[in-house]
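Coordinate analysis (summary)
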Amino acid sequence: MDRGSAGMPGSESLGGEDVHLTPDTAVGSEDGRLAVAVRRVGSGVVVAPSGELDHDTAELLREPLERCLDDGVARIVVDCSELLFCDSTGLNVLLAARMRAEEAGGAVHLAAMRPAVARVFEITGAEIVFRVHASLDEALAE
């Protein structure tokens, strides 16, 4: 799958700008596409996936998370309010980012999970390894 890199967030492009990453080609149905917005908030970053996070779209979230970590961002808040679905591949992307952030002294927080996504974290036990917040505002206030 061809994923465009135009607008990939680097350290210089995170300074207050919103960057939207979308696939160049449709993945499955129109409803199955994933868009990821990245924006700097204070000393951290909010990464906001929108759509369905699965085997076919996980790389679209992995890339901006890894770029943020490569750039030394210590605190990443993943705003899940527009995330409609998350399978085990998506969960593994988030777990890998969490582990890498913690190794560097940082953290990955999850905010505003919809019930279907929260259920995946509950069933797998992943909810106990993440700091989960009811809302984005709550996550940013911490």
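Scroll up to find the structure this text is about.
To start, this report covers the structure provided alongside it. Since the structure is predicted, the reported quantities are computational estimates derived from the model, not experimental observations.

**Structural notes on the environment of D70**
Positionally, D70 belongs in helix α1 (residues 58-70). A relative accessible area of 53% places D70 in the exposed class. With 31 residues separating them in the primary sequence, D70 and A101 have C-alpha atoms 9.8 Å apart.

**As for the environment of A97**
Inspection of the secondary structure assignment puts A97 in helix α2 (residues 88-103). We classify A97 as buried; its relative accessible area is 6%. Linking A97 and A107, residues ten residues apart in sequence, is a C-alpha distance of 8.7 Å. Other than its neighbours up to four places away in sequence, A97 contacts L65, L69 and V108.

**Details of the environment of F130**
One can find F130 in the loop between α3 (115-124) and β7 (131-133). The sequence separation of F130 and H109 amounts to 21 residues, and the corresponding C-alpha distance is 6.2 Å. Once residues lying within four places of it in the same chain are set aside, the contact partners of F130 are L94, L95, R98, V108, L110 and F121.

**Let's talk about the packing of α1 against α2**
It is the contact of α1 with α2, at a shortest axis distance of 9 Å, that shows an interaxial angle of 5 degrees. By the angle between their axes, α1 is roughly parallel relative to α2. The residues of α2 that touch α1, namely those facing A58, L61, R62, L65, E66, L69 and D70, are T89, V93, L94, A97, R100 and A101. Residue classes in the contact of α1 with α2 are distributed as eight nonpolar, one polar and four charged.

Rules of the game
- Residues numbered from 1 in each chain as written.
- Predicted model: local features only at pLDDT ≥ 70, side-chain atom pairs only at ≥ 80, totals over all residues.
- Heavy atoms only, no water.
- Helix = DSSP H or I, 4+ residues; strand = E, 2+ residues; numbered from the N terminus.
- Buried < 20%, exposed > 50% of the residue type's maximum accessible area, 1.4 Å probe, protein only.
- Contact = heavy atoms within 4.5 Å.
- Axes fitted to C-alpha atoms, helices over the stretch in contact; angles between N-to-C directions.
- Parallel < 35°, antiparallel > 145°, perpendicular 65-115°, else oblique.
- Nonpolar A, V, L, I, M, F, W, Y, C, P; charged D, E, K, R; others polar.

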